[in-house]
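Chain by chain, the residues run as shown.
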Amino acid sequence: MRTFPDVRFRKLNSEAQHAGRLLDDRRYAEAKEAFTTARARARKLGVDSAYLAWGLAVALDMTEETEMAFKVIAESIAMDPLNPAAQHSFETIAWKLRAALDDPDREAGDPSTPRIYGLLLEAGEADVAAHVAMARHLDATGDTAGALRLLDSVTRLAPVS
C-alpha cells in the first residue's frame, strides 16, 4: 500500500521523506532533528522504523555523535538485518569507533574508552586493538590486574597479534 488512509501516517510519511531529503542535501543537523521528530511520532503510532533509525544514525554520525550513531544503527540492524544501507552504515560507524580507540594520540585513561569498548564488545565488533586500548585504560586507571587478564585473554585468542 503506497499511502495510508490514516492522515497521521500520511503526515509521518511526508516527514520521513523530508528528513531523507535533508540527509541527501547534507544538512545533517537538520536531518538529525527531522529524523528524531519523525521517529518519535512513529513510535507514538506504534511503529518503529528501520529506515528512520538508519537515517538518524547517519545524521548522528555526520554530526560527530558517533557513539549515539552506533547505538541507533544497531537498532536499525536489529529491525532489518538485510538492509544493505544499514549494514554499510554499521560497518562505517563501527570502524570509526575502533579507529578512535586505536588512535596513537588517545590518552590511556580517556573516560570514553570503557563506553566505546562496551559498545563494540556488545556488538561483536571489538578487535585486538580495541581490547588492547581497554587494557591500557584499565592499567592507566589503576586496574593493572584487570589489564593483564584482558591481555592474557587476547593473547590466547589471537596469539599472532
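Heads up: these notes are all about the structure in this document.

The rules behind the values
- Residues numbered from 1 in each chain as written.
- Predicted model: local features only at pLDDT ≥ 70, side-chain atom pairs only at ≥ 80, totals over all residues.
- Heavy atoms only, no water.
- Core = buried A, V, L, I, M, F, W, Y, C linked by side-chain atoms within 4.5 Å.
- Buried < 20%, exposed > 50% of the residue type's maximum accessible area, 1.4 Å probe, protein only.
- Helix = DSSP H or I, 4+ residues; strand = E, 2+ residues; numbered from the N terminus.
- Contact = heavy atoms within 4.5 Å.
- Salt bridge = Lys/Arg side-chain N within 4 Å of Asp/Glu carboxyl O.
- Patch = residues over 30% accessible without salt bridge, like charges linked within 9 Å, V, L, I, M, F, W, Y side chains within 5 Å.
- Areas by Shrake-Rupley, 256 points an atom, 1.4 Å probe, with all protein chains shown as cover.
- Lys, Arg positive; Asp, Glu negative; His and termini not counted.
- Charge placed at Lys NZ, Arg CZ, Asp CG, Glu CD.
- Axes fitted to C-alpha atoms, helices over the stretch in contact; angles between N-to-C directions.
- Parallel < 35°, antiparallel > 145°, perpendicular 65-115°, else oblique.
- Left-handed = near helix turned anticlockwise from the far one by under 90°.
- Nonpolar A, V, L, I, M, F, W, Y, C, P; charged D, E, K, R; others polar.

**Here we look at the nonpolar core**
Within the largest apolar cluster, 44 residues are counted, with the highest numbers of intra-cluster contacts made by Leu23, Phe70, Ile73 and Leu120. Elements that contribute at least two residues to this core include exactly helix H1 (7–24), helix H2 (28–44), helix H3 (50–62), helix H4 (66–79), helix H5 (84–102), helix H6 (113–122), helix H7 (128–140) and helix H8 (144–157). The dominant element in this core, judged by the number of residues it contributes, is H3, at 8 residues. With near-sequence residues (within four places) excluded, Leu23 lies in contact with Tyr28, Ala31, Phe35, Trp54, Gly55, Val58 and Ala59.

**A short note on the pattern of salt bridges**
In the structure shown here, the tally under the stated rule is 15 salt bridges. Linking Glu15 and Arg41 is a salt bridge whose minimum nitrogen-to-oxygen distance equals 2.8 Å. Taken together, the residues span a long stretch of sequence, with Glu15 in helix H1 and Arg41 in helix H2 at a distance of 26 residues. Residue Glu15 is classed as buried on the basis of its relative accessible area of 16%. Taking the relative accessible area as the measure of exposure, Arg41 reaches 30% and is therefore partly exposed. Where Arg156 meets Asp152, a salt bridge forms, and the shortest distance between an N and an O atom there is 3.0 Å. Taken together, the positions of Arg156 and Asp152, both in helix H8 and 4 residues apart, correspond to about one turn of that helix. In this structure Arg156 comes out as exposed when scored by relative accessible area, which is 65%. Overall, the relative accessible area of 37% leaves Asp152 in the partly exposed class.

**Topic: unusual backbone geometry**
Positive phi, normally seen in glycine, also occurs at Arg26, with a value near 65 degrees. Tracing the backbone shows Arg26 in the loop between H1 and H2. According to the relative accessible area criterion, Arg26 is exposed, its value standing at 65%. A positive phi angle is found at Glu64, which is not glycine, with a value near 65 degrees. Here Glu64 is to be found in the loop between H3 and H4. Take Glu64: its relative accessible area is 71%, and that puts it in the exposed class.

**Section: the side chain of Asp61**
One can find Asp61 in helix H3. For Asp61, a relative accessible area of 7% puts it in the buried group.

**Digging into a negative patch on the surface**
Together, Asp102, Asp103, Asp105 and Glu107 make up a negatively charged patch on the protein surface. Take Asp105: it is sitting in the loop between H5 and H6. In this structure Asp105 comes out as exposed when scored by relative accessible area, which is 67%.

**Let's talk about the side chain of Lys32**
When you line up the elements, Lys32 lands in helix H2. Filtering out sequence-adjacent residues up to four positions away, Lys32 remains in contact with Leu56, Ala59, Leu60, Thr63 and Glu65.

**Topic: the packing of H4 against H5**
The N-to-C vectors of H4 and H5 enclose an angle of 150 degrees; their axes lie 9 Å apart at closest approach. With respect to H5, the element H4 is oriented roughly antiparallel. The hand of the H4/H5 crossing is left-handed. When H4 is examined against H5, the residues Thr66, Glu67, Ala69, Phe70, Ile73, Ser76 and Ile77 are found in contact with a partner set consisting of Ala86, Gln87, Ser89, Phe90, Ile93, Ala94, Lys96 and Leu97. Across the contact of H4 with H5, the residue classes break down as 9 nonpolar, 4 polar and 2 charged.

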